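Structural description and commentary
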Amino acid sequence: MDSDTLWAALALMLVLEGLFPFISPGGWRRTFEKILSLRDGQLRFFALVNIVLGLAVLAVLAL
């Protein structure tokens, strides 16, 4: 992977993360409040699921 691909992936991540608060600030705020109320174990579980899904997508795209 070259550096251009990495920067493009980071830029796309920023665009995707900015869409929800731009489209629905109230919904984003409510969702963020729910996330803040999670216990550490719950938050770690969801983070682990995201990591595994991201790695699975990368593995499929690399084939």
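Refer to the structure presented above.
Please read all numbers here as calculations on a predicted model, not as lab measurements.

1. Topic: the overall build of the chain
Assigned secondary structure in the chain consists of three helices and zero strands. The order of α-helices and β-strands along the chain, N terminus first, is α-α-α. Taken over C-alpha atoms, the radius of gyration comes to 15 Å for the chain, far larger than the 11 Å a tight globule of 63 residues would show. Taken along the three principal axes of its C-alpha coordinates, the chain extends 40 × 30 × 15 Å. Residues counted as buried form 2% of the 63 residues belonging to the chain. Carbon and sulfur atoms make up 73% of the accessible area of the chain, which totals about 5,800 Å². Distance from the positive charge centre (5 side chains) to the negative charge centre (5 side chains) of the chain: 18 Å.

2. Side note on the environment of Leu 61
Inspection of the secondary structure puts Leu 61 in helix α3 (residues 40-62). Exposure remark for Leu 61: the relative accessible area of 65% places this residue in the exposed category. When the C-alpha atoms of Leu 61 and Leu 43 are compared, they prove to be 27 Å apart, with 18 residues separating the residues in sequence.

3. What about the layout of surface pockets?
Its volume calculated, the largest pocket comes out at about 240 Å³. Lining of the largest pocket is provided by Met 13, Glu 17, Ile 35, Leu 43, Phe 46, Ala 47 and Asn 50. Considering each element in turn, the lining of the largest pocket owes the most residues, four residues, to α3. Residues belonging to the lining of the largest pocket are distributed by class as follows: five nonpolar, one polar and one charged.

4. With respect to the packing of aromatic side chains
Using the criterion set out here, one finds two aromatic pairs in the structure. With 5.2 Å between their ring centres and 20 degrees between their planes, Trp 28 and Phe 32 make a pair best called stacked. Of this pair, Trp 28 and Phe 32 both sit in helix α2 (residues 25-36), four residues apart, which is roughly one turn of the helix. For Trp 28, a relative accessible area of 34% gives the class partly exposed. With a relative accessible area of 41%, Phe 32 lands in the partly exposed category. Both rings, one in Phe 45 and one in Phe 46, keep their centres 5.6 Å apart while their planes meet at 70 degrees; by these two values the pair is edge-to-face.

Here is what the cut-offs are and how they apply
- Residues numbered from 1 in each chain as written.
- Predicted model: local features only at pLDDT ≥ 70, side-chain atom pairs only at ≥ 80, totals over all residues.
- Heavy atoms only, no water.
- Helix = DSSP H or I, 4+ residues; strand = E, 2+ residues; numbered from the N terminus.
- Rg over C-alpha atoms; globule rule 2.2 N^0.38 Å.
- Buried < 20%, exposed > 50% of the residue type's maximum accessible area, 1.4 Å probe, protein only.
- Areas by Shrake-Rupley, 256 points an atom, 1.4 Å probe, with all protein chains shown as cover.
- Lys, Arg positive; Asp, Glu negative; His and termini not counted.
- Charge placed at Lys NZ, Arg CZ, Asp CG, Glu CD.
- 1 Å grid on protein atoms, 1.4 Å probe; cavity = no way out; pocket = protein on both sides within 12 Å on 5 of 7 lines; lining within 4 Å.
- Points joined across faces, edges and corners; volume = space filled by probe spheres on them.
- Nonpolar A, V, L, I, M, F, W, Y, C, P; charged D, E, K, R; others polar.
- Phe/Tyr/Trp six-rings, centres within 6.5 Å; stacked < 30°, edge-to-face > 60°.

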